[in-house]
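Structural characterization, general
Each chain, written out:
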Amino acid sequence: MHKPVVEIDTFIAAPSATVWKAMKGGAMFPGTRIETDWKIGHPITFKGEWQGRSFTDRGEIQTLAEAKELSFTHWSDKDGSGKRPPSYHVVRYELAPSGARTKVTLSQFNEGQDTEVDAKTRVEFEKNWTMMLEGLKQSAEGMH
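Residues numbered from 1 in each chain as written. Predicted model: local features only at pLDDT ≥ 70, side-chain atom pairs only at ≥ 80, totals over all residues. Heavy atoms only, no water.

1. A closer look at the environment of G82
Rules: Under the DSSP-based scheme used, a helix requires at least four consecutive residues in state H or I and a strand at least two consecutive residues in state E, with every element numbered from the N terminus. The contact criterion used is simple: two residues touch if any of their non-hydrogen atoms lie within 4.5 Å.
Its place among the elements puts G82 in the loop between strand 5 (69–76) and strand 6 (87–98). Considered as a pair, G82 and D57 are 25 residues apart in the sequence and their alpha carbons are 8.9 Å apart. Residues contacting G82, with those up to four places away along its chain left out, are R58, W75 and D77.

2. Some thoughts on the sheet that holds strand 6
Short version of the rule: Think of it this way: DSSP has to see at least two bridges between two strands before they count as a pair. Simply put, an axis is a line fit to the C-alpha atoms, just over the touching stretch for a helix, and the angle between two N-to-C directions goes from 0 to 180 degrees.
With antiparallel pairing, 7 strands are arranged side by side in an open sheet as 1-7-6-5-4-3-2. Where the open sheet ends on each side, the last strands, each with one partner, are strand 1 (6–12) and strand 2 (32–36). Between one strand axis and the next, the sheet turns through 25 degrees on average, direction left out of account. Sheet analysis places strand 3 (residues 43–50) next to strand 4 (residues 53–65), joined by 8 bridges and oriented antiparallel. If you follow F46 over to strand 4, its bridge partner there is D57. Across the sheet, helix 1 (residues 16–27) is in contact with strand 1, strand 2, strand 4, strand 5, strand 6 and strand 7 (101–112); its angle to strand 6 comes to roughly 150 degrees. Sheet contacts for helix 2 (residues 119–143): strand 1, strand 3, strand 6 and strand 7; angle to strand 1, the most-contacted strand, approximately 20 degrees.

3. Topic: the packing of aromatic side chains
So the rule is basically this: For this analysis, a ring pair means two rings from Phe, Tyr or Trp (six-membered ring only for Trp) whose centres lie within 6.5 Å, classed as stacked if their planes differ by under 30 degrees, edge-to-face if by over 60, and tilted for the remaining angles. The cut-offs for exposure are 20% and 50% of the maximum accessible area for each residue type, with area from a 1.4 Å probe on protein chains only; residues under the lower value are buried, those over the upper are exposed, and the others partly exposed.
Within the structure shown, the criterion is met by 4 aromatic pairs. Aromatic pair F29 and F72: ring centres 6.3 Å apart, planes at 50 degrees, arrangement tilted. Of this pair, F29 sits in the loop between helix 1 and strand 2 while F72 sits in strand 5, placing them 43 residues apart in sequence. As far as burial versus exposure is concerned, F29 and F72 are alike and both buried. Each ring, one from F46 and one from F72, has its centre 5.4 Å from the other, and the planes form 40 degrees; the classification is tilted. Of this pair, F46 sits in strand 3 while F72 sits in strand 5, and the two are 26 residues apart along the sequence. F72 sits in the buried class, given a relative accessible area of 0%. The rings of F29, F46, F72 and W129 are connected pair by pair, giving a single aromatic cluster.

Given below as structure tokens:
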């Protein structure tokens with residue numbers, strides 16, 4: 001895999017098993033319903049509302065190692081076909097114990113035709129993923 005477009009770290013004051021449980025409970029994308037059977041190669045669907053509009057995002061689970069790593073393809077199903085478009089993301093969450101905390105690294109890779117992004121788009125991605133990680137942090141620390 002090539003270099004990530006965005007890579008963000010955060011430390012969560014909870015063990016990795018708790019962070020993992022929060023992720024699977026929907027805290028990866030706060031306010032979103034996640035539908036999947038958590039098996040590699042199987043679909044994962046995200047449904048929710050963003051800025052007043054309902055959305056459905058889709059993908060497939062690529063890697064899954066309990067309380068260590070989760071990655072999946074990700075795209076917005078704008079046309080309702082459920083088919084992967086020519087350009088899409090791969091999102092990877094890596095969890096690493098760090099004392100009583102867990103270091104979570106979120107990486108986004110762009111795949112397919114349009115993999116280049118300008119600085120403005122990169123900042124937008126970073127802002128959105130930082131918000132997502134903050135939501136995960138609050139959820140996991142609230143469970144701990």
